[in-house]
Amino acid sequence: MPDEDRHTYAEGLRRGGYLVSVQASDADYERVIDILDDEGTIDIDERSSSWRSEGWTGTSDVLSGSTANLATGASGTTSTGSALGAAPISTSSERISEGDEMIPVAEEELHVGKRDVSHGRVRVRSYVVERPVSEQVSLREEHVEVERRPVSGTTQAGAIAGDPFQERTIEVEERSEEAVVSKEARVVEEVAVRKQAEQRTETISDTVRKTEVDVEDERGTRSNGTGTTDRKV
C-alpha cells in the first residue's frame, strides 16, 4: 500500500475499526460489494477528511509496523475473507514532550448516505396463441338432372312448336355456394406499464462512541488540575 493509505488504515484500526479483506472472482465482485455495503462499510476518504478536520496530520506511528503486514496478509490466495481484530479505543498516552503526556479524546459522527437497491423487476411480454373456432353457414347447391321419358298417346308433329326435326341445344349451368373465410383484427384491451416514484422519510438509529476522560487528583479532591473538580470531557 502507499504510505498515505497505510497511515489512514492504521488510524482507522487505532480508532477501533475493522479491516476486512476478501479474495473474490470477477463474477462474485458485485455480490461481495453488496454484502460489504449491507454490513455498514464506511467511506475511508470521507472518514480521513473528518479526522484531518479534528487535527489528524495524516501520519500514524501507532500500528505502523504492523500495517505493512496487514496489506501483505490481506492478499493471500487461499483466504476467502478475513476480519482483522479491532483495536479498542486507544487510551494509551503519547509522549509529546518531556514531562507532558496527551490522551486523545475522540468522538464519532453519524453520517447517513443513500444507495440504489434493486427490489426485483416486472416484465410484461406479449405473444400470440391460436385457438380453434367453428361457425355454421348454410350453402346452396344446384344440380341438373336429365330425364328421358316416353310420351303417351299420339302426338302430332304440328302440336310441337317449331320443327321437331330442327336441331336445338339446351344448356343449364349448375351453381353452388362455398364458404369464404376472412379475418378482422380488433383491439379488445390495452396493458399499460408505468413506474411511479415516491419519497419517504426513514429514521436511522445507531450508536456513536466518544472518549470521556475522568481526572482524579489523589491529593484528596477530584480535580482536573486547574482548580475545578469532578470534570468529565
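Relevant structure appears above.
In this text the structure is predicted, and so the values were computed from the model without any measurement.

Novice: For this particular structure, what's the right way to read the overall build of the protein?
Specialist: Of the regular secondary structure elements, the protein holds four helices and four strands. Put simply, the protein runs from its N terminus to its C terminus through helices and strands in the order α-β-α-α-α-β-β-β. When contacts within the protein are restricted to residue pairs at least 6 apart in sequence, long-range pairs at least 24 apart make up 72% of them. In the form shown here, the protein has an accessible surface area of approximately 22000 Å², with 46% of it arising from carbon and sulfur atoms.

Novice: Got a minute to help me understand the packing of aromatic side chains in this structure?
Specialist: Both the distance between ring centres and the angle between the ring planes are used here to describe each pair of aromatic rings. Inspection of every chain in the model, using the stated rule, returns one aromatic pair. For the ring pair W51 and W56, a centre distance of 5.7 Å and an interplane angle of 90 degrees mean the geometry is edge-to-face. Residue classification places W51 among the buried positions, given a relative accessible area of 5%.

Novice: Help me out: how do you make sense of the pattern of salt bridges in this one?
Specialist: Opposite charge on two side chains permits pairing when their charged atoms draw close. All told, the structure shown has eight salt bridges when counted by the stated rule. Note that R15 is salt-bridged to E11, the shortest N-O span being 2.8 Å. Ionic pairing is found between R209 and E108, a salt bridge with its closest N-O pair at 2.8 Å. Of the two residues, R209 is situated in the segment after β4 (100-102) and E108 in the segment after β4; the sequence distance between them amounts to 101 residues. Through salt bridges with shared partners, one network takes in E11, R14, R15 and E54.

Novice: Is there a simple way to think about helix α1 (residues 3-14) in this case?
Specialist: If you check α1, its first and last C-alpha atoms are 16 Å apart, about what twelve residues at 1.5 Å a residue would give, namely 16 Å. All of the buried residues along α1 are R6, H7, T8, A10, E11, G12, L13 and R14.

Novice: In this structure, what is going on with a nonpolar patch on the surface? I would like to understand it.
Specialist: Together, L110, V112, I204 and V208 line one region of the surface with nonpolar side chains, adding up to about 350 Å² of accessible area. Along the chain, L110 turns up in the segment after β4.

Novice: I'm lost on the packing of α1 against helix α3 (residues 44-53) in this one. Help?
Specialist: Each pair of packed helices can be described by the angle between their axes along with the distance between the axes. Running from N to C, α1 and α3 point in directions that differ by 80 degrees, and their axes come no closer than 11 Å. Taken together, the axes of α1 and α3 are roughly perpendicular relative to one another. Here E4, T8, Y9, E11 and G12 of α1 lie close against α3, whose contacting residues are I44, S48, W51 and R52.

Novice: Help me understand a negative patch on the surface in this model?
Specialist: On the surface, D5, D43, D45 and E46 cluster together into a negatively charged patch. Examined against the element boundaries, D43 turns out to sit in the loop between α2 (29-38) and α3.

Parameters and conventions
- Residues numbered from 1 in each chain as written.
- Predicted model: local features only at pLDDT ≥ 70, side-chain atom pairs only at ≥ 80, totals over all residues.
- Heavy atoms only, no water.
- Helix = DSSP H or I, 4+ residues; strand = E, 2+ residues; numbered from the N terminus.
- Contact = heavy atoms within 4.5 Å.
- Areas by Shrake-Rupley, 256 points an atom, 1.4 Å probe, with all protein chains shown as cover.
- Phe/Tyr/Trp six-rings, centres within 6.5 Å; stacked < 30°, edge-to-face > 60°.
- Buried < 20%, exposed > 50% of the residue type's maximum accessible area, 1.4 Å probe, protein only.
- Salt bridge = Lys/Arg side-chain N within 4 Å of Asp/Glu carboxyl O.
- Expected span 1.5 Å × (residues − 1).
- Patch = residues over 30% accessible without salt bridge, like charges linked within 9 Å, V, L, I, M, F, W, Y side chains within 5 Å.
- Axes fitted to C-alpha atoms, helices over the stretch in contact; angles between N-to-C directions.
- Parallel < 35°, antiparallel > 145°, perpendicular 65-115°, else oblique.
- Lys, Arg positive; Asp, Glu negative; His and termini not counted.
- Charge placed at Lys NZ, Arg CZ, Asp CG, Glu CD.

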